[in-house]
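Working through the structure, step by step
For reference, the chains in residue letters:
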Amino acid sequence: MAPREKGSRPTASARHFKHREIELAEGGKLLLNGDGSISQVDAAGETVGKWATGDAEWSSHAIRFGLQAQADTVAPHGRRVAEPRPRA
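Note that this is a predicted model, so its numbers are computed, not measured.

Some details on the overall build of the chain
A tally of regular secondary structure across the chain gives one helix and four strands. In sequence order, the secondary structure elements of the chain are arranged as β-β-β-β-α. Residues classed as buried in the chain amount to 22% of the 88 residues present. Nonlocal contacts in the chain, meaning residues at least 24 apart in sequence, comprise 18% of its contacts between residues at least 6 apart.

Here it is in structure tokens:
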């Protein structure tokens, strides 16, 4: 893995998720993959559905893992310089 430059930050797509599985009552599992995608597999192990983090339905499945969809944030531009305080 290449070292990051000083002051650089990873992008939102660089976020990693811990792989987790939830057993479903009707048989099968709901899987949270390391890239954030969610897969549903039936009792035979066949993939029934798959949702990426950008999909509209992703958040309805992610809530089972305790995750919530969040809007992308943008770093502020320029420096913020405080007004000088008046001397007393």
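Details of the pattern of salt bridges
Tallied over the full model, the rule gives two salt bridges. The shortest N-O distance in the salt bridge between Glu21 and Lys29 comes to 3.1 Å. The exposure class of Glu21 is partly exposed, given its relative accessible area of 44%. In this structure, the salt-bridge partner of Glu23 is Lys29, at a minimum N-O distance of 3.9 Å. The class of Lys29 is partly exposed, set by a relative accessible area of 28%.

Some remarks on the nonpolar core
The nonpolar side chains of a soluble globular protein tend to be buried with one another. Within the largest apolar cluster, ten residues are counted, these being Phe17, Leu24, Leu30, Leu32, Ile38, Trp51, Trp58, Ala62, Phe65 and Leu67. Listed by contribution, the elements that provide at least two residues to this core are strand 2 (29-32) and helix 1 (58-62).

Things to note about the pairing of strand 4 (residues 47-51)
Sheet topology note: the strand 3 (residues 38-41)/strand 4 ladder contains four bridges and is antiparallel. If you follow Ser39 over to strand 4, its bridge partner there is Lys50.

Describing the environment of Ala43
Residue position: Ala43 is located in the loop between strand 3 and strand 4. Once the C-alpha coordinates of Ala43 and Leu24 are considered, the two residues, 19 residues apart in sequence, prove to be 9.3 Å apart. If we ignore the near neighbours within four places in the chain, the residues touching Ala43 are Gly27 and Gly28.

Considerations on the side chain of Asn33
Along the chain, the position of Asn33 falls in the loop between strand 2 and strand 3. At a separation of 3.3 Å, a polar atom in the side chain of Asn33 contacts the side chain of Ser39. Apart from residues lying up to four places away in sequence, Asn33 is in contact with Phe17, His19, Ile38, Ser39 and Lys50.

With respect to the pairing of strand 2
Judged from the four bridges that link them, strand 1 (residues 20-23) and strand 2 form a sheet pairing that is antiparallel. Bridged to Ile22 within strand 2 is Leu30. Linking strand 1 back to strand 2 in an antiparallel pair, the connection comprises five residues, with Gly27 at a positive phi of about 95°. The pairing of strand 2 with strand 3 spans four bridges and is antiparallel.

Rules used in this analysis
Residues numbered from 1 in each chain as written. Predicted model: local features only at pLDDT ≥ 70, side-chain atom pairs only at ≥ 80, totals over all residues. Heavy atoms only, no water. Helix = DSSP H or I, 4+ residues; strand = E, 2+ residues; numbered from the N terminus. Buried < 20%, exposed > 50% of the residue type's maximum accessible area, 1.4 Å probe, protein only. Contact = heavy atoms within 4.5 Å. Salt bridge = Lys/Arg side-chain N within 4 Å of Asp/Glu carboxyl O. Core = buried A, V, L, I, M, F, W, Y, C linked by side-chain atoms within 4.5 Å. Pairing = 2+ DSSP bridges. Polar contact = N/O pair within 3.5 Å; in protein donor to acceptor, adjacent residues only side chain to side chain.

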